[in-house]
Amino acid sequence: MNEPMTMMLAEHEMIQRAGKIIDALANSWEKDAAQFEQAVRNLVEFFREYADGFHHRKEEEVLFPALRDHPEFVIPEMIDSLMQHHEEFREYTADIEQALADGDHAHAHKLLTRYMRDLEDHISAENDELFVLAENLLGKKEREDVYFRFMDIDRQLGEDRKKELEELLAAVKVEG
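Quick caveat, the model's predicted, so the values are computed rather than measured.

Asker: Before we go on, may I ask you to explain the nonpolar core in this structure?
Answerer: Buried together is how nonpolar side chains tend to be arranged in soluble globular proteins. Among the nonpolar cores identified, the biggest contains 34 residues, and I15, L25, V40, L43, F46, F47 and L119 are the most heavily contacted of them. Put simply, the parts of the chain that give this core at least two residues each are α1 (4-16), α2 (18-24), α3 (33-68), α4 (76-101), α5 (105-137) and α7 (159-171). Element by element, the count of residues in this core is highest for α3, at 10 residues. Beyond its immediate chain neighbours, meaning those up to four positions away, L43 contacts A18, I21, I22, L25, L112 and L169. With 21 residues, the next largest nonpolar core counts M7, V62, I79 and M151 among its residues.

Here it is, written out as structure tokens:
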């Protein structure tokens, strides 16, 4: 069966890989500022296009409405909170880019670290609460519909581009 939460969990795992990269970037600008800057640009590109463009779009356009429309769903505040997180993540990427443009490598890394910590908390809430709730509320047919709508988003945005972003993350250089 085509399970949408399996897809979402796999995307979360991919996104979480960025945490180790961010940790490894600590103070690396002292050894090679250009390499640090390129790594941060690649991370921002990954977060914007993969985490936000592919993943958050699926939640905002498909999963959240499916849950809100379900007659047994009684906690819209959960979705409101997760939507607010998405907005904050968009602000983080802009702030990280600004710090990089200002040449403030330490601040860019501090923001990246904070962004990743907040993203980890967000992912944990979705994995442990939202996705479990969705599995329990949505019937087999509803989950299958959500899955195919997720696939439509991947096709619209480009399955090849999604793979490129996964490879971009894997190729981020950390050491000088």
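Asker: Just to check I follow, could you spell out the pattern of salt bridges for this structure?
Answerer: Between side chains of opposite charge, a pair can form when the charged atoms approach closely. Taken as a whole and judged by the stated rule, the model has 17 salt bridges. E45 is paired through a salt bridge with R161; the nearest N and O atoms lie 2.5 Å apart. Linking E45 in helix α3 with R161 in helix α7, this pair joins segments that are 116 residues apart in sequence. Among the residues examined, R161 registers a relative accessible area of 23% and is labelled partly exposed. The residue D154 makes a salt bridge to K162 at a minimum N-O spacing of 3.0 Å. For the pair D154 and K162, one class covers both residues: buried. Several salt bridges converge on common partners, so that one network encompasses E11, K58, D154 and K162.

Asker: What is the right way to look at the side chain of K58 in this model?
Answerer: Mapped onto the fold, K58 is located in helix α3. On the basis of relative accessibility, which here comes to 0%, the residue K58 falls in the buried class. Ignoring any residue separated from it by four or fewer positions in sequence, one finds K58 in contact with M7, M8, E11, L63, F150, I153, D154 and K162.

Asker: Can you help me understand the packing of aromatic side chains in this one?
Answerer: One pair of aromatic rings is described through two measures. These are the centre distance and the angle between the planes. Scanning the model with the defined rule gives eight aromatic pairs in all. Geometrically, the ring pair formed by Y147 and F148 is edge-to-face, given 5.3 Å between the ring centres and 80° between the ring planes.

Asker: Honestly, α7 in this entry has me stumped. Any pointers?
Answerer: Every α-helix winds through 3.6 residues per turn, so residues three or four apart in the chain are directed the same way. Here α7 spans 18 Å end to end across 13 residues, near enough to the 18 Å set by a 1.5 Å rise per residue. Those residues of α7 that sit buried are K162, L165, E166, L168 and L169. Around the axis of α7, the buried residues are gathered within 155° of arc, so they sit on the same side. Away from the buried face of α7 by more than 90 degrees, exposed residues D160 and A170 are located. Elements that come into contact with the buried residues of α7 comprise α1, α2, α3 and α6 (140-157).

Rules of the game
- Residues numbered from 1 in each chain as written.
- Predicted model: local features only at pLDDT ≥ 70, side-chain atom pairs only at ≥ 80, totals over all residues.
- Heavy atoms only, no water.
- Core = buried A, V, L, I, M, F, W, Y, C linked by side-chain atoms within 4.5 Å.
- Buried < 20%, exposed > 50% of the residue type's maximum accessible area, 1.4 Å probe, protein only.
- Helix = DSSP H or I, 4+ residues; strand = E, 2+ residues; numbered from the N terminus.
- Contact = heavy atoms within 4.5 Å.
- Salt bridge = Lys/Arg side-chain N within 4 Å of Asp/Glu carboxyl O.
- Phe/Tyr/Trp six-rings, centres within 6.5 Å; stacked < 30°, edge-to-face > 60°.
- Expected span 1.5 Å × (residues − 1).
- Arc of directions from axis to C-beta.

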